[in-house]
Amino acid sequence: ENKKGCSMDDLPLLPSGRPIMLTGEVEVLVVQKVQMEDLEGLLFRLTTHRVLLQRADYTKQIHLQNIDKLEAEPHGWFSKSNILKFHLRNTTILQFSFFSVDRDLVFQRLSKTMQKKSWVQELPSNVMTTNKGANFSTTSAGIGGIIRRQEEKHEKTNQSLSQAFADLSALMDNAKEMVLLAQKLKANHSNKEEDDVNDFMLNMGLESPVSKSTAGNLFHVELSRQLCDFLQVPLSRVREI
């Protein structure tokens, strides 16, 4: 439940359990074993737009634009603090405790991400603000218009079918390369191999692929889940044929 009236929204998930990302959103850091107030065992995802909190029975999101200030509890003389506080715009204060990673690392990544404000999108100056009457033309009226619309619909359907086969063919053609990369990662992970995986995923159309630097020890789990979500699209197209 929301703490102290905190405006945290429910977090929609993909079939794999990964969150549905916003347009242009990229993962920055993934941390496990995080506690928020009295909620333990949370998976903490920092993205360019949000903080995502997950547990089997709990999925919430906090938009970075709603965080007014971050407060890192001072370290003691003989111990380091793992507490980070979020001061939200509605005066709510949320306390997070990090047990599997240095709190200062989270604080630094979060501070830099908030400074960038990647969630702010500027509209191009040449974009028209009104399009009145844009959907009407004389060519779309009457029987001739109906026929043309049916022809366009059939053409789009054929294009979708072709794209489905193309996607599936690309996956099959690259299956061997995917297996080889996975074996390399399992045997001896390196930055070069991670770059190869990221380039490979981007070439296949997968936006913001999971990386070792963001997911840490969860890299292989998160990458497999991301691949499962990615495969849903071409496979669903094939099932529709």
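Worth saying up front: this structure is predicted, and the values here are computed from it rather than measured. (Residues numbered from 1 in each chain as written. Predicted model: local features only at pLDDT ≥ 70, side-chain atom pairs only at ≥ 80, totals over all residues. Heavy atoms only, no water.)

Observations concerning the nonpolar core
And step 1. Of all hydrophobic cores here, the largest spans 27 residues; its most connected members are Phe44, Ile62, Phe86 and Phe96.
And step 2. It is strand 2 (residues 27–36) that contributes the most residues to this core, five residues altogether.
And step 3. Not counting residues within four places of it along the chain, the set of residues in contact with Phe96 comprises Val34, Gln35, Met36, Phe44, Leu53, Ile62, Asn82, Ile83, Leu84 and Phe86. (Core = buried A, V, L, I, M, F, W, Y, C linked by side-chain atoms within 4.5 Å. Buried < 20%, exposed > 50% of the residue type's maximum accessible area, 1.4 Å probe, protein only. Helix = DSSP H or I, 4+ residues; strand = E, 2+ residues; numbered from the N terminus. Contact = heavy atoms within 4.5 Å.)

Concerning the sheet that holds strand 7 (residues 83–88)
And step 1. The eight strands are arranged 1-5-4-3-2-8-7-6 in an open sheet whose pairing can be described as antiparallel. The sheet terminates laterally at strand 1 (9–10) and strand 6 (67–72), the two strands that pair on one side only.
And step 2. Sheet topology places strand 6 next to strand 7; five bridges connect them, and they run antiparallel. The partner of Ile67 across the bridge, within strand 7, is Leu88.
And step 3. Packing of helix 1 (residues 103–116) onto the sheet brings it into contact with strand 2, strand 3 (39–47), strand 4 (50–55), strand 6, strand 7 and strand 8 (93–98), and relative to strand 6 it is tilted by some 155°. (Pairing = 2+ DSSP bridges. Axes fitted to C-alpha atoms, helices over the stretch in contact; angles between N-to-C directions.)

Topic: the confidence of the model for the chain
Detailed reading of predicted coordinates is not advised where the pLDDT is low.
And step 1. Summarising the model, the chain shows a mean pLDDT of 74, and 54% of its residues fall at 70 or more.
And step 2. Per-residue pLDDT stays below 50 along residues 127–134; that stretch engages in zero contacts with residues further than four places along the chain or on separate chains. (pLDDT = per-residue confidence, 0-100.)

Some remarks on the pattern of salt bridges
And step 1. Scanning the entire structure with this criterion turns up eight salt bridges.
And step 2. Across the salt bridge formed by Glu27 and Arg18, the nearest N and O atoms sit 2.7 Å from each other. Comparing Glu27 with Arg18 shows no difference in burial state: the two are buried.
And step 3. For Asp57, the salt bridge is made with Arg55, and the minimal N-O distance between the two is 2.7 Å.
And step 4. Note on Asp57: relative accessible area 57%, which makes it exposed.
And step 5. By relative accessible area, which is 27% here, Arg55 ends up partly exposed. (Salt bridge = Lys/Arg side-chain N within 4 Å of Asp/Glu carboxyl O.)

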